[in-house]
Amino acid sequence: MRKVIVRASTEYAILIGRGLLAQAGAEIAKRICPCKAAIITDTTVEKLYAEQVENSLAEAGFSTCRFAFPAGESSKHIGTLSDMLEFLAEEEVTRQDIIVALGGGVAGDMAGFAAAVYQRGIRFVQVPTTFLAAVDSSVGGKTAIDLKAGKNMAGAFYQPHLVLCDVDTLDTLPEETFADGIAETMKYGIIGDADLFEKTASGDFRNDLEEIIETCVKMKRDIVMEDEFDTGLRQLLNLGHTLGHAIEKRSGFTLSHGHAVAIGMHLIAKAAEEKGLAEAGLAEKIKAALEKNKLPVSTLYTAEEITEGVLKDKKRRGGEISFVFPTKIGHCEIVKIPVSEVMELVRKALS
């Protein structure tokens with residue numbers, strides 16, 4: 001088992017290994033005295049893993065209750081959050097109890113947000129079951145729901161007390177869902193680890209998942225510890241996300257987050273080359289790596305449609321929006337672009 005320690009507003013461990021679901025209760029009990037554990041999950045993950053986690057918690061002395069919402073990004077809204085909070089109240093969950101977020105990024109984001117606001121904050125544990133959640137969303141304390149205006153528009157910075165990543169859960173993922181995590185892993189490579197990018201780009205990395213997850217979460221840990229509240233360096237983690245979020249929202253969330261980010265990374269690399277910020281051939285290299293891993297690299301949405309979504313992005317500050325431009329594999333720069341120039345930037349990216 002691998003262990004990474006995050007020291008932010010709270011200190012917590014990220015445990016990475018196989019067979020960890022069976023040890024979940026024991027690992028949580030080492031850090032939190034047995035109490036009531038409210039498991040929040042989706043209907044797909046519930047069938048696969050909820051009973052195993054409940055049994056593990058019970059063996060460690062926890063009592064449990066369970067809330068499952070319909071799987072998918074379409075559930076990530078205020079109505080589901082409201083139902084979640086009412087459930088916690090009906091089950092008489094107190095500030096001495098915990099929430100266990102079991103699932104992918106949607107479950108983790110919503111359960112974390114519920115933990116942040118229920119009774120003004122209770123402890124929660126992340127148990128990611130997708131590759132994307134393992135390498136990215138379960139770590140760092142960003143919690144959120146989507147609004148009609150855009151993705152992750154309401155949320156809180158709220159760190160978990162523990163992250164338990166059982167790599168065995170990744171074996172049950174459909175290839176398309178697994179590919180979402182590949183996109184986020186490539187993101188980390190492009191941001192700051194050329195070797196990680198090359199390994200992921202090759203498509204030959206399935207036997208090294210524990211090492212890859214550890215590499216990604218260590219990178220995220222270092223960034224979060226320097227900029228927990230996303231005011232500077234942490235914005236690097238938005239590579240591909242500003243355009244990607246706009247495309248994802250425009251699709252009505254029929255396009256998954258990882259697939260949208262893949263498109264966004266290729267498009268912003270094209271824009272970076274057009275602006276003279278990136279080395280020649282970078283966009284083509286990123287495109288080839290994404291296509292090798294069966295990820296999309298283009299969209300049929302127009303510059304006007306994408307720009308509309310970009311201008312509603314939460315990274316907008318007054319008359320500017322921060323974009324992350326890759327300059328070469330392993331290095332990116334954050335550049336503030338005036339709102340008046342966004343349409344032209346998107347057009348260059350789509351050209």
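Novice: Tell me what's going on with the overall build of the protein chain, and back it up with residues and numbers.
Specialist: When helices and strands are counted, the protein chain shows 13 helices and 12 strands. By the compact-globule yardstick of 20 Å for 351 residues, the protein chain fits well, its C-alpha radius of gyration being 20 Å. By principal-axis analysis of the C-alpha atoms, the protein chain measures approximately 60 × 40 × 35 Å. Per-residue burial for the protein chain yields a buried fraction of 56% across its 351 residues. As displayed, the protein chain has an accessible area near 14,000 Å², and 48% of this comes from carbon and sulfur atoms. Charged side chains of the protein chain number 40 positive and 51 negative; the gap between the two group centres comes to 3 Å.

Novice: Which residues make up the side chain of Thr80, and what values do they have?
Specialist: With respect to the helices, strands and loops of the structure, Thr80 is situated in helix α3 (residues 78–90). According to the relative accessible area criterion, Thr80 is buried, its value standing at 7%. Excluding residues within four positions of it along the chain, Thr80 makes contact with Phe67, Phe69, Ser75 and Met110.

Novice: How would you sum up the sheet that holds strand β6 (residues 123–128)? Please name residues and give values.
Specialist: Here 7 strands make up an open sheet; going across it, the order is β1-β2-β9-β6-β5-β3-β4 and the pairing mixed. Each edge of the open sheet is held by one strand with a lone partner, namely β1 (2–7) and β4 (63–69). Ignoring strand direction, the axes of neighbouring strands in this sheet form an average angle of 15 degrees. Alignment of strand β3 (residues 36–42) against β4, held across 7 bridges, turns out to be parallel. Within the sheet, the bridge partner assigned to Lys36 lies in β4 and is Ser63. Across the sheet, α3 touches β3, β4 and β5 (98–103), and the angle it forms with β4 is around 160 degrees. The sheet strands contacting helix α8 (residues 209–226) are β1, β2 (11–17) and β9 (162–166), and the helix crosses β1 at an angle near 10 degrees.

Novice: So what's going on with the pairing of strand β8 (residues 150–157)? Residues and values would help.
Specialist: In the sheet, strand β7 (residues 142–147) pairs with β8 via 5 bridges, with the strands oriented antiparallel. Note that in β8 the partner of Leu147 across the bridge is Gly150.

Novice: Break down empty space enclosed by the protein for me, with residues and values.
Specialist: Scanning the model with the defined rule gives 1 cavity of 30 Å³ or more in all. Size it by volume and the largest cavity reaches roughly 50 Å³. When contributions to the lining of the largest cavity are tallied by element, the ones reaching two or more residues are α9 (241–250), α10 (257–274) and β11 (320–328). In terms of residues, the lining of the largest cavity owes the most to one element, α9, which gives 3 residues. Grouping the amino acids of the lining of the largest cavity by side-chain chemistry returns 5 nonpolar, 5 polar and no charged.

Novice: Summarise helix α12 (residues 303–310); cite the residues concerned and give the values.
Specialist: Taken together, the buried positions of α12 are occupied by Ala303, Ile306, Thr307 and Val310. Buried residues of α12, viewed axially, fall in a sector of 100 degrees; they line one side. Of the surrounding elements, those touching the buried residues of α12 are α9, β11 and α13 (342–350).

Novice: Please give an account of the sheet that holds strand β12 (residues 331–338) that cites residues and values.
Specialist: In space, the 3 strands of this open sheet follow the order β10-β11-β12, with antiparallel pairing throughout. Edge positions in the open sheet fall to β10 (316–317) and β12, since each of these has one partner strand only.

Conventions used here
Residues numbered from 1 in each chain as written. Predicted model: local features only at pLDDT ≥ 70, side-chain atom pairs only at ≥ 80, totals over all residues. Heavy atoms only, no water. Helix = DSSP H or I, 4+ residues; strand = E, 2+ residues; numbered from the N terminus. Rg over C-alpha atoms; globule rule 2.2 N^0.38 Å. Buried < 20%, exposed > 50% of the residue type's maximum accessible area, 1.4 Å probe, protein only. Areas by Shrake-Rupley, 256 points an atom, 1.4 Å probe, with all protein chains shown as cover. Lys, Arg positive; Asp, Glu negative; His and termini not counted. Charge placed at Lys NZ, Arg CZ, Asp CG, Glu CD. Contact = heavy atoms within 4.5 Å. Pairing = 2+ DSSP bridges. Axes fitted to C-alpha atoms, helices over the stretch in contact; angles between N-to-C directions. 1 Å grid on protein atoms, 1.4 Å probe; cavity = no way out; pocket = protein on both sides within 12 Å on 5 of 7 lines; lining within 4 Å. Points joined across faces, edges and corners; volume = space filled by probe spheres on them. Nonpolar A, V, L, I, M, F, W, Y, C, P; charged D, E, K, R; others polar. Arc of directions from axis to C-beta.

In short, the description is geometric, and any link to function would need to be established separately.
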